[in-house]
Structures are given as structure tokens and as C-alpha cells.
Amino acid sequence: WESLVMGKLVGKGSFGEIQMAAYGDKVVAVKKIDVSTEGDGIRCMRETFRELMVLSLLQHENIVGLEGACFQPFAIVMEYLELGDLRSYLNSKPD
């Protein structure tokens, strides 16, 4: 966590928020997980560990890359996608 230089907030979801950050010479997205928001911390942690497992197993140019994880605070560090998430990108395109 100490290696990250946190930047602006770029998104918010049901399990927490996503911030842009600098990690060495890379720009990354940090998904900070708030286990208290759901009221079901166990389910939240299980879903996050599942996401970590999937991201760690899949390495492809069309899938966001996993850079690492933190456990204090609970966060996933991922490749930063300049155009945002797929849903927002597709919704911004005309039919």
C-alpha cells in the first residue's frame, strides 16, 4: 500500500470505490473494498477473493491486468483503462 500514490476517484460500486493511482512508473486503478457497506463482510470478501483468482489466472490483452492486492486496507490493484469500464464505453457509443 505504501508503494501507491493515490489520485482521483474514478468510480464507485456496490463493494467500494475505484481510484486512479501511481505504482512505480505505471498508472493503475485501485479498487478499495469496503467490507462494512454491504453488512455482509464475508460475502464481500468471498466475491473479492474470487475476482482476484480469476484475474490472476487470466492474462490476455483484452482483459484488464491484475497488478497486485492489498489486505490492509483491502484493495485490488489493476491496470488502469483510460477509456473506463466496458459498460460506460459501450453506452457512450451511438447505436
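Keep in mind the model is a prediction, meaning the values are calculated, not measured. (Residues numbered from 1 in each chain as written. Predicted model: local features only at pLDDT ≥ 70, side-chain atom pairs only at ≥ 80, totals over all residues. Heavy atoms only, no water.)

Quick notes on the sheet that holds strand β2 (residues 16-23)
Heads up, the rule is: DSSP-based pairing: two strands are paired if at least 2 bridges between them are found. Secondary structure elements are defined from DSSP: runs of H or I of at least 4 residues count as helices, runs of E of at least 2 residues count as strands, and each element is numbered from the N terminus. Fitting a line to C-alpha atoms yields each axis, with helices limited to the stretch in contact; the angle taken between N-to-C directions then spans 0 to 180 degrees.
Judged by pairing direction, the sheet is antiparallel, and its 5 strands sit side by side in the order β1-β2-β3-β5-β4 without closing on themselves. Two strands in the sheet have a free side with no partner beyond their single neighbour: β1 (4-12) and β4 (66-71). Ignoring strand direction, the axes of neighbouring strands in this sheet form an average angle of 25°. Relative to strand β3 (residues 26-33), β2 runs antiparallel, the two sharing 8 bridges. Looking across to β3, one finds that Gly16 is bridged to Ile33.

Some words on the packing of aromatic side chains
Which entries qualify depends on this criterion: Stacked, edge-to-face and tilted are the three classes for Phe, Tyr and Trp ring pairs, Trp counted by its six-membered ring, which pair at centre distances within 6.5 Å; planes under 30 degrees apart are stacked, over 60 edge-to-face, the rest tilted. Think of it in three bands: residues with accessible area under 20% of the maximum for their type are buried, residues over 50% are exposed, and the middle band is partly exposed, with areas taken using a 1.4 Å probe on protein chains only.
A full pass over the atoms with the stated rule returns 3 aromatic pairs. With a centroid separation of 6.0 Å and an interplanar angle of 20°, the aromatic rings of Phe49 and Phe71 are classed as stacked. Linking Phe49 in helix α1 (residues 41-57) with Phe71 in strand β4, this pair joins segments that are 22 residues apart in sequence. In this structure Phe49 comes out as partly exposed when scored by relative accessible area, which is 36%. Through pairs of rings, three or more aromatic residues link up here, namely Phe49, Phe71 and Phe74.

Some points on the environment of Glu61
Here Glu61 shows up in the loop between α1 and β4. Taking the C-alpha atoms as reference points, Glu61 and Glu2, separated by 59 residues in sequence, lie 28 Å from one another.

Some details on the pattern of salt bridges
Selection rule: Basic side-chain nitrogens of Lys or Arg form a salt bridge, by our definition, when they fall within 4 Å of a carboxyl oxygen of Asp or Glu.
Applying the stated criterion across every chain yields a total of 4 salt bridges. The shortest N-O distance in the salt bridge between Lys26 and Glu67 comes to 2.9 Å. Placement of the pair is Lys26 in strand β3 and Glu67 in strand β4, with a sequence separation of 41 residues.

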